[in-house]
Amino acid sequence: MKMTAALLKEYIQAGGAKIPSEKVIQNGQLVNVMTSEVYPADVAIYKGKIVAVGDVTDYIGEDTQRIDAKGKYLVPGLIDGHIHIECSKMSMTSFTKAVIPFGTTSAISGLDEYISVVGMDGLKEIFEEIEQLPLRVYWGAPYKTPYTIPKSTIAYNITPEVQKEVQSWPQCFGVWETVREAVQTLDEDTMETLAIAHNNHLPIFGCAPMARGNNLNEYLSAGIRLDHESYDHEELVEKARKGMHVLIRESSVTNFLKENIRAVTEVNSAIGRRTSFCTDDVHATDILKHGHVDHLVRLAIQAGVTPMVAIQMATINSAEAYRIDDQVGSISPGRFADILFVESLEDFQVETVISKGEIVAKNNRMIVELLEPKRSPLLASKLKCDKTTPETFEYKVSIDNGTAKIRAIESHGAFVRKERFVELDVKDGKVVLDVEKDVAMVSVLERFGKNGNKSIGFVAGWGLKRGAMASSSAPDDNNLIVMGTNPEDMSLAINTLIDCGGGQVVVVDGQVISLLKLPIGGIVTDEDPDHLVAAEHSLHEAIKVLGGSVPDPMFYMSFLPITAIPDLAITDVGNVDCVTLEIFDPITELTPE
């Protein structure tokens, strides 16, 4: 809702009990995250905002709706402090259906995956969709796109000139995902963007995994306000001691809470007031099974954090970190009426969700209907690339027969990748894959009709024995990525996604055995969360046929193009050494017969 002078006058009058409130919540126990207190208090609401807390007798009029909290705790709506919503494969409408019932009423996101595939015009349509939803999204303008170093190919690049415009948009609350490498190398576009943000008094959101000592000091000197990438609690402690707001990430593939919470439970409990939560990348399956930010609250309590501190981590701490505490994060006059009813703070099961002043969910179920908007041709998925043949995925070399020593990408979890050297046979001028040596081929194909780039490399440690899998949802650039044990299945996987306009697919022995279509930009779907969970289960079961040994092969594969993850990656421009930030040849040595 856009603020006007007339509307502001109404809020002021409602706050002074000069006009009656539309709703009041009575008989609740207020969880005051500002003062760390719990006490009986009622809440008055007018046009989606809280106008009074405490004794609200004077705020009740003839038409005021009374909501009986029946002694339950009143908790501020939960905030996800850093999330790539699109990586859930859910549209904004579908994602809202998934998280609102668990009490998440606000999220901070760069919506960068949308930008990479549909640009800023498409993003404006996403903003319009968000306006109609009971979920607030505080957008940070990505510091630049693409994030990759060297630069990969995407549909739209954010430059300093674009930043000058978008940082003035009402939806913009800061600069998103400023990676340490861009600061450390004094990347000119990044320096321009950060300077614009400083002059606009906008906070700069960071991304600095394993930054310590001088490297951290260097990074902080750029004015970075917060970070969500601590790999152990000692790293988190150092960042907090040096003035950063720190976020603990617990995603579908990175479970850092148990380790990072030790900063609060073992080192210094006061760090808890500078710490908040984020899920970063999360599946529909995990949300419906465990919950969302409420799940992190429960995990923190189980780890020894008091319920009050855990709730602060999920509410006011994020709000303060992102300078949005004048809007959300507490149940206070002037803030939006995003309020949860909770039976027990220790168990922290969300019973009722009020968002934008309306009851929208009860007992982990939506009670209002959310309809997806009509999608424009701009958001309709179309992959602008040519069909492939098996020959597309043959690695040809300069000798006819012999051996090739390759430098393969070996994943150690989703966010650490190391090199592994393997010797493979060369026959008829082509490198021959050997599943007994646990080596598969990986390829990234540009899909925006820009240049037709294609890269080929090798992965190790995945345990693949047959078939192929492919995805058009693959941050940070969302080009097509395919991994497999033979060129024929790899080609069929890619061609299947081209035919359907994007998605995720598993192929074995020339047959498509599982396909999830992602018709919006090739990265998300409007399917209801429970339907998506069934599709994710089908993909997961199909991948088992390939023989994969990593916990979540499709998700792990989709992250291979992220060059901010040490030590190796692959994008449409080639195999990338993420330490030297240079392209490398995966063939390190050829030995003819």
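Residues numbered from 1 in each chain as written. Predicted model: local features only at pLDDT ≥ 70, side-chain atom pairs only at ≥ 80, totals over all residues. Heavy atoms only, no water.

Let's talk about the overall build of the protein
The number of helices and strands found in the protein is 17 helices and 30 strands. Computed over C-alpha atoms, the radius of gyration of the protein comes to 25 Å, within 12% of the 25 Å expected from 2.2 N^0.38 for 593 residues, which places it in the range of a compact globule. When the backbone C-alpha atoms are referred to their principal axes, the protein occupies close to 90 × 50 × 45 Å. In the protein, the proportion of contacts linking residues at least 24 apart, taken out of those at least 6 apart, comes to 70%. For the protein, the centre of its 55 positive side-chain charges and the centre of its 84 negative side-chain charges are spaced 3 Å apart. (Helix = DSSP H or I, 4+ residues; strand = E, 2+ residues; numbered from the N terminus. Rg over C-alpha atoms; globule rule 2.2 N^0.38 Å. Contact = heavy atoms within 4.5 Å. Lys, Arg positive; Asp, Glu negative; His and termini not counted. Charge placed at Lys NZ, Arg CZ, Asp CG, Glu CD.)

Some words on the UniProt feature "domain: Amidohydrolase-related" (unreviewed entry) in the protein
With numbering aligned to this structure, UniProt lists the feature "domain: Amidohydrolase-related" (unreviewed entry) at residues 73–360. Within residues 73–360, the helical portion is 38% and the strand portion 20%, while the C-alpha atoms at the span's ends are 17 Å from each other. (UniProt positions renumbered as here; feature names shortened; annotations may be inferred.)

Description of the pairing of strand β5 (residues 73–76)
Each regular strand carries side chains that alternate between the two faces of the sheet. Strand direction decides the pairing type here: strand β1 (residues 23–32) and β5, joined by two bridges, are parallel. Bridged to Leu30 within β5 is Leu74. Note: β5 against strand β14 (residues 339–342), four bridges, orientation antiparallel. When the sheet's bridge partners are listed, Leu74 is paired in β14 with Phe341. (Pairing = 2+ DSSP bridges.)

Let's talk about the pairing of strand β23 (residues 468–471)
Along β23, one buried face is formed by Ala468 and Ala470 and the opposite face, lined by Met469 and Ser471, is buried too. Bridge count between β23 and strand β24 (residues 480–484): four bridges; the pairing is antiparallel. Note on β24: the bridge partner recorded for Ser471 is Ile481. Summarising the sheet, β23 and strand β25 (residues 503–508) pair through four bridges and their orientation is antiparallel. Pairing of Met469 across the sheet is with Val506, part of β25. (Buried < 20%, exposed > 50% of the residue type's maximum accessible area, 1.4 Å probe, protein only.)

Thoughts on the packing of aromatic side chains
Taken as a whole and judged by the stated rule, the model has eleven aromatic pairs. Measuring from ring centre to ring centre gives 5.4 Å for Phe127 and Trp139, while their planes differ by 75°; the resulting arrangement is edge-to-face. Pair noted here: Phe127 is in helix α3 (residues 112–131) and Trp139 is in strand β8 (residues 136–142), with a separation of twelve residues, a long-range link. Judged by centre distance (6.3 Å) and plane angle (80°), the rings of Phe127 and Trp169 are edge-to-face. On the criterion of sequence distance, the pair formed by Phe127 in helix α3 and Trp169 in the loop between α4 (160–166) and β9 (172–179) is long-range, its members being 42 residues apart. Here Phe127 falls in the buried class, since its relative accessible area comes to 9%. Aromatic rings pair up to connect Phe127, Trp139 and Trp169 into one cluster. Positioned over the ring face of Phe336 is Lys49, at 5.2 Å from the centre of the ring. (Phe/Tyr/Trp six-rings, centres within 6.5 Å; stacked < 30°, edge-to-face > 60°. Lys NZ or Arg CZ within 6 Å of the ring centre and 35° of its normal.)

A few points about the environment of Asn200
As for its placement among the helices and strands, Asn200 is situated in the loop between α6 (188–199) and β10 (204–207). Note on Asn200: relative accessible area 38%, which makes it partly exposed. Expressed as a C-alpha distance, the spacing of Asn200 and Ala300, which sit 100 residues apart in the sequence, is 36 Å.

Points about the UniProt feature "domain: Adenine deaminase C-terminal" (unreviewed entry) in the protein
Here the UniProt feature "domain: Adenine deaminase C-terminal" (unreviewed entry) sits at residues 416–580. A distance of 16 Å separates the end C-alpha atoms of residues 416–580, which is 23% helix and 35% strand.

Here's the deal with unusual backbone geometry
With an omega of 0°, the peptide bond running from Thr145 to Pro146 counts as cis. Along the chain, Pro146 falls in the loop between β8 and α4. Omega for the bond connecting Ile149 with Pro150 falls within 30 degrees of zero, at -5°, which places this linkage in the cis form. The topology assignment puts Pro150 in the loop between β8 and α4. Positive phi, close to 55°, is recorded for Lys356, a residue that is not glycine. With respect to the helices, strands and loops of the structure, Lys356 is situated in the loop between β15 (350–355) and β16 (358–362). Looking at Lys356, the relative accessible area reads 29%, which means it is partly exposed.

Describing the sheet that holds strand β28 (residues 574–577)
Within the open sheet, the three strands sit side by side as β27-β28-β29. Their pairing is antiparallel. Looking along the sheet, the strands with just one partner apiece sit at the ends: β27 (568–571) and β29 (582–584). Sheet twist, expressed as the mean angle between neighbouring strand axes with direction ignored, is 45°. (Axes fitted to C-alpha atoms, helices over the stretch in contact; angles between N-to-C directions.)

Some words on the packing of helix α12 (residues 293–302) against helix α13 (residues 307–314)
Relative orientation of the contacting elements α12 and α13 amounts to 150°, with a least axis distance of 9 Å. Taken as a pair, α12 and α13 cross one another with a handedness that is right-handed. The residues of α13 that touch α12, namely those facing Val293, Val297, Ala300 and Ile301, are Pro307, Ala310, Ile311 and Ala314. For the contact of α12 with α13, a count of residues per class yields eight nonpolar, no polar and no charged. (Left-handed = near helix turned anticlockwise from the far one by under 90°. Nonpolar A, V, L, I, M, F, W, Y, C, P; charged D, E, K, R; others polar.)

Comments concerning helix α1 (residues 5–15)
Those residues of α1 that sit buried are Leu7, Tyr11 and Ala14. Looking straight down α1, one finds its buried side chains confined to an arc of 65°; they lie on one side. For α1, the exposed residues set more than 90 degrees away from the buried face come down to Ala5, Ala6, Lys9 and Ile12. Along its buried surface, α1 packs onto β2 (37–46) and β3 (49–54). (Arc of directions from axis to C-beta.)

Observations regarding the sheet that holds strand β7 (residues 104–109)
Pairing is parallel in the open sheet, where eight strands are placed in the order β6-β7-β8-β9-β10-β11-β12-β13. One side of each edge strand has no neighbouring strand; the edge strands of this open sheet are β6 (78–80) and β13 (275–278). Going from strand to strand, the sheet's axes swing by 30° on average, the running direction of each strand aside. Sheet topology places β7 next to β8; four bridges connect them, and they run parallel.

Details of the nonpolar core
Judged by nonpolar contacts, the single largest core of 144 residues is most densely connected at Met92, Leu111, Trp139, Phe277, Trp462 and Leu560. With nine residues, the single largest contributor to this core is α3. Membership of the second largest hydrophobic core comes to 31 residues, among which are Leu383, Ala408, Ile494 and Val505. (Core = buried A, V, L, I, M, F, W, Y, C linked by side-chain atoms within 4.5 Å.)

Digging into the pattern of salt bridges
Taken as a whole and judged by the stated rule, the model has 30 salt bridges. Measuring nitrogen to oxygen at the nearest pair gives 2.9 Å for the salt bridge that ties Glu129 to Arg375. Of this pair, Glu129 sits in helix α3 while Arg375 sits in the loop between β17 (365–366) and β18 (402–411), and the two are 246 residues apart along the sequence. Of the residues examined, Glu129 reaches a relative accessible area of 3% and is grouped as buried. A salt bridge links Asp577 to Arg407; its shortest N-O distance comes to 3.0 Å. Placement of the pair is Asp577 in strand β28 and Arg407 in strand β18, with a sequence separation of 170 residues. Summarising the burial analysis for this pair, Asp577 and Arg407 share the class buried. Each member of the salt-bridge network shares a partner with another, and the members are Lys72, Glu343 and Glu351. (Salt bridge = Lys/Arg side-chain N within 4 Å of Asp/Glu carboxyl O.)

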